[in-house]
Amino acid sequence: MKNPYNLLVAIVLLINIILISNNALTSSDAGRIFHLILIIALFVTVFLWIKDRHKHPK
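Residues numbered from 1 in each chain as written. Predicted model: local features only at pLDDT ≥ 70, side-chain atom pairs only at ≥ 80, totals over all residues. Heavy atoms only, no water.

**Some words on the overall build of the chain**
Here comes step 1: Each helix and strand counted, the chain has 2 helices and 0 strands in total.
Here comes step 2: Buried residues in the chain amount to 19% of all 58 residues.
Here comes step 3: In the chain, of all internal contacts separated by at least 6 residues, the share reaching a separation of at least 24 is 47%.
Here comes step 4: About 4800 Å² of surface is accessible on the chain, with carbon and sulfur atoms providing 73% of the total. (Helix = DSSP H or I, 4+ residues; strand = E, 2+ residues; numbered from the N terminus. Buried < 20%, exposed > 50% of the residue type's maximum accessible area, 1.4 Å probe, protein only. Contact = heavy atoms within 4.5 Å. Areas by Shrake-Rupley, 256 points an atom, 1.4 Å probe, with all protein chains shown as cover.)

Structure follows, in structure tokens:
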């Protein structure tokens, strides 16, 4: 992970995974919506990261 962009993406993914695994968020409707937004953000982040990796191969 020599590229700072890859390190930043890895940190964002870890933060999203930690927040998604928090069961206290799903106890209310607002928490469920926030949980859904986090899951969507996680998938979008992974998709954009993979797309960028294919655009700029090593």
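We are not done yet, so read on.
**Comments concerning helix H1 (residues 4–20)**
Here comes step 1: The end-to-end C-alpha separation of H1 is 24 Å, in line with the 24 Å expected for 17 residues at 1.5 Å each.
Here comes step 2: Of the surrounding secondary structure, the elements contacted by the buried residues of H1 are helix H2 (29–55). (Expected span 1.5 Å × (residues − 1).)

**Here's the deal with a nonpolar patch on the surface**
Here comes step 1: Together, Leu7, Ile11, Ile15, Leu19 and Phe34 give the surface a local cluster of nonpolar side chains, amounting to about 410 Å² of exposed area.
Here comes step 2: It is H1 that contributes the most residues to the nonpolar patch, 4 residues altogether.
Here comes step 3: Mapped onto the secondary structure, Leu7 falls in helix H1.
Here comes step 4: The exposure class assigned to Leu7 is partly exposed, which follows from its relative accessible area of 44%. (Patch = residues over 30% accessible without salt bridge, like charges linked within 9 Å, V, L, I, M, F, W, Y side chains within 5 Å. Salt bridge = Lys/Arg side-chain N within 4 Å of Asp/Glu carboxyl O.)

**Things to note about H2**
Each α-helix winds once per 3.6 residues, and so residues spaced three or four apart point in a common direction.
Here comes step 1: Look at H2: 39 Å from first C-alpha to last across 27 residues, which is about the 39 Å you get at 1.5 Å a residue.
Here comes step 2: When H2 is considered as a whole, its buried residues turn out to be Gly31, His35, Leu38, Leu42 and Thr45.
Here comes step 3: Buried residues belonging to H2 abut H1.

**Focus: the nonpolar core**
Here comes step 1: Counting 5 residues, the largest nonpolar core consists of Val9, Leu13, Ile20, Leu38 and Leu42.
Here comes step 2: Within the residue set of this core, elements represented by two or more residues are H1 and H2. (Core = buried A, V, L, I, M, F, W, Y, C linked by side-chain atoms within 4.5 Å.)

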